Amino acid sequence: MSKTFSFDVKLNNYKSPGLALSGGIDSALLLYYLINQDYKVKCYTLIDKNNDNNRQAATNVKDLIEKKTGKTVEHFEFIEYEKDHEHGKREKMTEIYTNLFNSKKIDCILTGATQYIKNIDDKWNQSDKLKSTDTIWMNDDTTYRPFLKYDKTWIKKGCDANELTNDLVKITVSCVSSKSPPCKNCLWCTEKYQVFGCY
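Focus on the overall build of the protein chain
From N to C terminus, the protein chain includes six helices and six strands. Reading the protein chain from its N end, one meets helices and strands in the order β-α-β-α-β-α-β-β-β-α-α-α. Counting the 199 residues in the protein chain, one finds 47% classified as buried. For the protein chain, contacts bridging at least 24 residues in sequence account for 72% of all contacts bridging at least 6. Accessible area of the protein chain: about 10700 Å², with a carbon and sulfur share of 45%.

With respect to the packing of aromatic side chains
Inspection of the entire model under this criterion finds 14 aromatic pairs. A cation over a ring is seen here: lysine 10 above tryptophan 137, with NZ or CZ 4.6 Å from the ring centre. Above the face of the phenylalanine 78 ring, arginine 55 is positioned so that its terminal group lies 5.0 Å from the ring centre.

Observations regarding the sheet that holds strand E6 (residues 143-144)
Whenever strands of a sheet pair, they do so through backbone hydrogen bonds, lying parallel or antiparallel. Judged by pairing direction, the sheet is mixed, and its six strands sit side by side in the order E3-E2-E1-E4-E6-E5 without closing on themselves. The two strands at the open ends of the sheet, each matched to only one other strand, are strand E3 (75-81) and strand E5 (137-138). As defined by bridge partners, E5 adjoins E6 across two bridges and the pair is classed as antiparallel. What sits directly across from methionine 138, in E6, is threonine 143. Strands in contact with helix H1 (residues 25-36) are strand E1 (17-20), strand E2 (42-48) and strand E4 (108-110); relative to E1, the strand with the most contacts, it is inclined by about 150°. Along the sheet, helix H2 (residues 55-69) makes contact with E2 and E3, crossing E3 at roughly 170°.

Structural notes on the pairing of E2
Counted residue by residue, E2 has six buried out of seven residues, so it is predominantly covered. Judged from the three bridges that link them, E1 and E2 form a sheet pairing that is parallel. Looking at the pairing, glycine 18 lines up with lysine 42 of E2. Each parallel crossover has a hand, and for E1 linked through H1 to E2 it is right-handed. Each parallel crossover has a hand, and the one from E2 via H2 to E3 is right-handed.

So, the packing of helix H4 (residues 152-161) against helix H6 (residues 187-196)
Where H4 meets H6, the closest approach of the two axes is 10 Å, and the angle between their N-to-C directions is 50°. Here H6 runs oblique to H4, going by the angle between their axes. For the pair H4 and H6, the sense of crossing is right-handed. Across the interface between the two elements, Lys152, Thr153, Ile155 and Lys156 from H4 touch Glu191, Val195 and Phe196 from H6. The class makeup of the residues in the contact of H4 with H6 is three nonpolar, one polar and three charged.

Description of the nonpolar core
Formed by 37 residues in total, the largest nonpolar core has its most connected members in Phe7, Leu31 and Leu34. Mapped onto this core, the elements with two or more residues apiece are H1, H2, E4, H4, helix H5 (165-171) and H6. Among the elements that take part in this core, H1 stands out by supplying nine residues, more than any other. In contact with phenylalanine 7, not counting residues within four places along its chain, are Leu30, Tyr33, Leu34, Gln37, Tyr39, Tyr144 and Pro146. Core analysis: the next-biggest nonpolar cluster, separate from the first, contains ten residues, Leu46, Tyr81, Ile96 and Tyr97 among them.

With respect to the pairing of E1
Of the two faces of E1, the one carrying Pro17 and Leu19 and the one carrying Gly18 and Ala20 are both buried. Where E1 meets E4, three bridges bridge the pair, whose relative direction is parallel. Considered in E4, the bridge of proline 17 is made with cysteine 108.

Regarding the side chain of arginine 145
Among the secondary structure elements, arginine 145 is positioned in the loop between E6 and H4. Among the polar contacts made by the side chain of arginine 145, one reaches the main-chain carbonyl oxygen of threonine 135 at a distance of 3.0 Å. Apart from the residues lying within four places of it in its own chain, the contact partners of arginine 145 are Thr111, Ala113, Asp134, Thr135, Ile136 and Met138.

What counts, and where the lines are drawn
Residues numbered from 1 in each chain as written. Predicted model: local features only at pLDDT ≥ 70, side-chain atom pairs only at ≥ 80, totals over all residues. Heavy atoms only, no water. Helix = DSSP H or I, 4+ residues; strand = E, 2+ residues; numbered from the N terminus. Buried < 20%, exposed > 50% of the residue type's maximum accessible area, 1.4 Å probe, protein only. Contact = heavy atoms within 4.5 Å. Areas by Shrake-Rupley, 256 points an atom, 1.4 Å probe, with all protein chains shown as cover. Phe/Tyr/Trp six-rings, centres within 6.5 Å; stacked < 30°, edge-to-face > 60°. Lys NZ or Arg CZ within 6 Å of the ring centre and 35° of its normal. Pairing = 2+ DSSP bridges. Axes fitted to C-alpha atoms, helices over the stretch in contact; angles between N-to-C directions. Right-handed = clockwise from strand over helix to strand, strands pointing away. Parallel < 35°, antiparallel > 145°, perpendicular 65-115°, else oblique. Left-handed = near helix turned anticlockwise from the far one by under 90°. Nonpolar A, V, L, I, M, F, W, Y, C, P; charged D, E, K, R; others polar. Core = buried A, V, L, I, M, F, W, Y, C linked by side-chain atoms within 4.5 Å. Polar contact = N/O pair within 3.5 Å; in protein donor to acceptor, adjacent residues only side chain to side chain.

Geometry only, nothing functional implied.
And the structure:
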């Protein structure tokens, strides 16, 4: 696998792209490719007030990528939110990114979203079937998901090619549990273990 990734040339049309840096391996690899190719992106890590297990992971990812590339992430920000009975994580994320767009802080948001691994476990029922119908660009081309046609096995190949794997598996968080992660049972834990051999 190539050590680089070819982004859609359309990305060059944006002056203030933002990156949803979750603290997981997918968005970490995405940040690496962006920074290594001199894209100026603003990193935003969304923190659930009742589950901040990704706060340290995102910080560690930023630090590692800066060390590996010798380049600086110019903007890195935590944004806290709180879910309620009417608004879950997805709704809150949409609200936050909409506010960033409306305030002119960003004009595009990138995410490290990937396809779920097929046949990972029958209990997930092939995970979210809607994901296979998603598009790389969405929401009037303000959301860009460059890794969407790939899955976690492709992510590992990219990490291996850039000698990131050993470091990233130690510092990233995939589990969404609010208790001491990893839970070792959720879809994200299952995927990480299947591909990387650890939680």
